[in-house]
Amino acid sequence: MAGHSQFKNIMHRKGAQDAKRAKQFAKVIREITVATRSGMPDPAMNPRLRAAITAAREVNMPKDTVERAIKKASGAGGGEDYVAVRYEGYGPAGVAIIIEGLTDNRNRTASEVRAAFSKHGGSMGETNSVSFGFDHIGVITYPQDAASEDDMLEAAIEAGADNVETTEDGHEITTAMEALMSVRDALEGRFGEPRSAKLDWRPQTTVTLDEDQARSVLKLIDVLEENDDVQAVYANFDLPDEVAEALAA
């Protein structure tokens, strides 16, 4: 998604990496906890847990931290009981925003998300108020040197994927939402573990922002992503190169 990926590139330049890593670890541990409790504590038998472990590696979480999280989550009756939540709304300039989270208190999380929208020029809507403008799909990524473009395309088609895009950043394989794990497993058997494998919301159309609009939208997304209960934020904005450069300066 253009807006979200460019936002991430900007965030990577903003510093405070230690604090950011701590936030990332907390969010991944929460997903590991839910994944472990939703199935077996063995990743080989639990596709969601395998995906969570891949996400942990993506943020360089130490192996022993992952193992402790799985062990804690699989203990009888211990720890928090998280539920998945999704919120939708509009930010400044009419940008559509989807928020996915894991929370142990729905009322608290909904109140905090609503307050973030209100404070930063947006409005929270009902479920499905903006998601109709997005496609909910599976996305698998591999580094470019994992396979040739032709080999990756052939393997992805055989596995049941919908599309493959290869750029200098690597291979991106998209699938139907329900086919994500089966395609992931087929590709892993041939090319090894992917860089990432997860569900994503991709906008069908985007809103192009000027610099002032972009600052307002990015501030709202920043506040939402800082919330401990929020796992991911998706939006349908696009930044022209000159705006992205001005924001990164």
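Conventions we followed
Counting starts from 1 at the beginning of each chain's written sequence and moves along it residue by residue. With pLDDT at 70 or above as the cut-off, local features in this predicted model cover only qualifying residues; side-chain atom pairs require 80 or more to be listed or tallied, and sums for whole chains, interfaces and linings still use all residues. By convention in this description, side-chain values take in all heavy atoms of the structure and omit both hydrogens and water. UniProt positions are given in the numbering used here, feature names are shortened, and annotations may be inferred rather than shown by experiment. Runs of H or I in DSSP of at least four residues are treated as helices and runs of E of at least two as strands, each being numbered from the N terminus. Burial classes follow relative accessibility: with a 1.4 Å probe on protein chains only, a residue under 20% of its type's maximum area counts as buried, one over 50% as exposed, and anything between as partly exposed. Only four residue types enter the charge count, namely Lys and Arg as positive and Asp and Glu as negative; His and the chain termini do not. We define a salt bridge as a side-chain nitrogen of Lys or Arg found within 4 Å of a carboxyl oxygen belonging to Asp or Glu. Counted as a polar contact is a pair of N or O atoms within 3.5 Å, where, for protein atoms, one must be capable of donating a hydrogen and the other of accepting one, and residues adjacent in sequence contribute only when both atoms are in side chains. Only heavy atoms matter for contacts: two residues are in contact if any of them lie within 4.5 Å across the pair. An automatic or database domain assignment provides the domain bounds reported here. For any pair of parts, buried area is found by adding up, for both, the accessible area (1.4 Å probe) each one loses once the two are put together. Residue polarity is assigned by list, with Asp, Glu, Lys and Arg as charged and Ala, Val, Leu, Ile, Met, Phe, Trp, Tyr, Cys and Pro as nonpolar; anything else, Gly included, falls into the polar class. The directions considered for the arc are those from the helix axis to the C-beta atoms. The set of buried Ala, Val, Leu, Ile, Met, Phe, Trp, Tyr and Cys residues whose side-chain atoms join them within 4.5 Å is what this entry labels a nonpolar core. Fitting a line to C-alpha atoms yields each axis, with helices limited to the stretch in contact; the angle taken between N-to-C directions then spans 0 to 180 degrees. Oblique is the label for every angle not falling under 35 degrees (roughly parallel), over 145 degrees (roughly antiparallel), or within 65 to 115 degrees (roughly perpendicular). Crossing handedness is defined as follows: a turn of the near helix away from the far one that is anticlockwise and smaller than a right angle gives a left-handed crossing, while the clockwise case is right-handed. A pair of strands is labelled paired if DSSP reports no fewer than 2 bridges between them. Confidence of the prediction at every residue is given by pLDDT, a number between 0 and 100.

Named according to an unreviewed UniProt entry, the chain is Probable transcriptional regulatory protein ASQ42_01215 originating from Parasaccharibacter apium. Regarding the chain, the relevant UniProt record gives this comment under Sequence similarities (unreviewed entry): "Belongs to the TACO1 family." Database annotation for the chain, UniProt heading Subcellular location (unreviewed entry): "Cytoplasm".

Right, let's talk about the side chain of Lys-27 for a bit. By secondary structure assignment, the location of Lys-27 is in helix α2 (residues 17-38). Buried Lys-27, no salt bridge; nearest opposite-charge side chain is Asp-228, N-O distance 5.4 Å. There is a polar contact of 2.3 Å between the side chain of Lys-27 and the backbone oxygen of Val-230. Ignoring anything within four residues of it in the chain, the contact list for Lys-27 reads Glu-225, Asn-227, Asp-228, Val-230 and Gln-231.

Before going further, it helps to spend a moment on the domain arrangement of the chain. Per the domain assignment, the segments of the chain are domain 1 (13-74), domain 2 (83-132 + 205-242) and domain 3 (134-203). Each partner contributes residues to the interface: domain 1 has six residues there, and domain 3 has nine residues. Where domain 1 abuts domain 3, roughly 630 Å² becomes buried across the two surfaces, and 43% of that area is made up of carbon and sulfur atoms. When residues of domain 1 are sorted by the area they lose upon contact with domain 3, Arg-50, Thr-54 and Glu-58 head the list and together hold 65% of the total. Connecting domain 1 to domain 3 are two salt bridges. In this structure, Arg-57 and Glu-193 form a salt bridge, with 2.3 Å as the shortest nitrogen-oxygen distance. Linking domain 1 to domain 3 there are four residue pairs in polar contact (both at pLDDT 80 or more). Residues that form the side of domain 1 that touches domain 3 fall into these classes: two nonpolar, one polar and three charged.

With that settled, the discussion passes to the UniProt feature "domain: TACO1/YebC-like second and third" (unreviewed entry) in the chain. As recorded in UniProt, the sites labelled "domain: TACO1/YebC-like second and third" (unreviewed entry) are residues 82-237. Helix makes up 34% of residues 82-237 and strand 37%, and the two end C-alpha atoms of the span are 30 Å apart.

Considered for burial, the residues of helix α9 (residues 241-248) that qualify are Val-243, Ala-244 and Leu-247. Buried residues along α9 cover an arc of 100 degrees about the axis, so they all sit on one side. Of the exposed residues in α9, the ones pointing more than 90 degrees away from its buried face are Asp-241, Glu-242 and Glu-245.

With that out of the way, let us pick up the nonpolar core. Ranked by internal contacts, the top residues of the largest apolar core, which has 24 residues, are Ile-97, Ile-99, Leu-224, Phe-237 and Leu-239. In terms of residue count, the dominant contributor to this core is helix α8 (residues 211-226) (six residues). One finds Ala-156, Ala-179, Leu-180 and Leu-187 within the second-largest nonpolar core, a separate group that totals 15 residues.

Another point: the packing of helix α5 (residues 106-119) against α8. One way to put it is that α5 packs onto α8 with a least axis distance of 10 Å and a crossing angle of 165 degrees. Looking at the two axes, α5 sits roughly antiparallel to α8. Pair α5 / α8 crosses with right-handed handedness. Between α5 and α8, the contacting residues are Val-113, Ala-116 and Phe-117 on the first element and Leu-220, Val-223 and Leu-224 on the second. A per-class count over the contact of α5 with α8 returns six nonpolar, no polar and no charged.

Across the six residues that make up strand β9 (residues 230-235), a large majority, five, are buried. Both strand β2 (residues 96-103) and β9 contribute to a ladder of five bridges, which runs antiparallel. When the bridges of β9 are listed, Gly-101 appears paired with Val-230.

Relative to the helices and strands, Ala-116 is located in helix α5. Spatially, the C-alpha atom of Ala-116 lies 28 Å from that of Glu-58, the residues being 58 residues apart in sequence. Not counting the four nearest positions on each side in its chain, Ala-116 is found in contact with Leu-220, Val-223 and Leu-224.

We now examine the confidence of the model for the chain. Per-residue confidence for the chain gives a mean pLDDT of 89, with 91% of residues at or over 70. Across the chain, the element-wise mean pLDDT spans from 51 in helix α1 (residues 2-11) up to 97 in strand β6 (residues 170-176).

Where strand β1 (residues 83-90) and β2 come together, eight bridges link them in antiparallel fashion. Residue pairing across strands places Ala-84 opposite Leu-102, the latter belonging to β2. Once β1 ends, the chain turns through five residues before running back antiparallel as β2, passing Ala-93 with a positive phi of about 65 degrees. Bridge count between β1 and strand β3 (residues 123-125): three bridges; the pairing is antiparallel. Bridge pairing in β3 places Glu-88 opposite Gly-125.

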